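Structural description and commentary
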Amino acid sequence: MRLDKFLKVARIIKRRTVANDACDAEHVNVNGRRAKASYDVKIGDEIEITFGERVLKLRVLDVKEHVAKADASSMYEIIS
């Protein structure tokens, strides 16, 4: 699954276009490297997203195409 789609499906970022813009602006790193929106997310990847001064680090636990709102947080775990 593409990185921008994963961020939207997991409800980390509200819209896919916003996730795509965040990747283009180099606010998203995967496994310590800058990632494009087309990056193929795999289980075990560590994603780091910068929101202004705040940094969100998470580990991918599951990759699903469709998930209910209540189950979206089971796709990842927050590291810090």
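Residues numbered from 1 in each chain as written. Predicted model: local features only at pLDDT ≥ 70, side-chain atom pairs only at ≥ 80, totals over all residues. Heavy atoms only, no water.

1. Here we look at the side chain of Asp4
We apply this condition: Comment: elements are numbered from the N terminus, with helices defined as DSSP H or I runs of at least four residues and strands as E runs of at least two. Burial classes: relative accessible area under 20% of the type maximum marks a residue as buried, over 50% as exposed, and values in between as partly exposed (1.4 Å probe, protein chains only). Under this definition, polar contacts are N or O atom pairs within 3.5 Å; protein pairs additionally need one hydrogen-donor-capable and one acceptor-capable atom, and for neighbouring residues in sequence, both atoms have to be side-chain atoms. When checking whether two residues touch, look at their non-hydrogen atoms; a contact exists if any pair is within 4.5 Å.
Its place among the elements puts Asp4 in helix α1 (residues 3-9). Look at Asp4 and you get buried, because its relative accessible area is 2%. There is a polar contact of 3.1 Å between the side chain of Asp4 and the side chain of Arg2. Setting aside anything within four residues of it in sequence, one finds Asp4 in contact with Arg16, Ala19, Asn20 and Ala37.

2. Focus on a positive patch on the surface
The condition is simple: A patch is a set of surface residues, each over 30% in relative accessible area and not in a salt bridge, joined within 9 Å for like charges and within 5 Å for the nonpolar side chains Val, Leu, Ile, Met, Phe, Trp and Tyr. Using a 1.4 Å probe, accessible areas were evaluated by the Shrake-Rupley method; residue-level cover was limited to the displayed protein chains. Salt bridge, as applied in this entry: a Lys or Arg side-chain nitrogen positioned within 4 Å of an Asp or Glu carboxyl oxygen. Positive charges come from Lys and Arg, negative ones from Asp and Glu, while His and the chain ends are left out of the count. Charged side chains are reduced to one point each, which is NZ for Lys, CZ for Arg, CG for Asp and CD for Glu.
Together, Lys8, Arg11, Lys14, Arg15 and Lys69 make up a positively charged patch on the protein surface. Within the secondary structure, Lys14 sits in the loop between α1 and α2 (16-24). Owing to a relative accessible area of 69%, Lys14 belongs among the exposed residues under this scheme.

3. Let's talk about the pattern of salt bridges
Summed over the entire model, instances satisfying the criterion amount to seven salt bridges. Between Glu26 and Arg34 there is a salt bridge; the shortest N-O distance is 3.4 Å. Taking relative accessible area as the criterion, Arg34 reaches 60% and is therefore assigned exposed. The partner of Arg59 in a salt bridge is Glu77, with the nearest N and O atoms 2.5 Å apart. Taken together, the positions of Arg59 in strand β4 (residues 54-60) and Glu77 in strand β5 (residues 76-78) put the pair 18 residues apart, joining distant regions of the chain.

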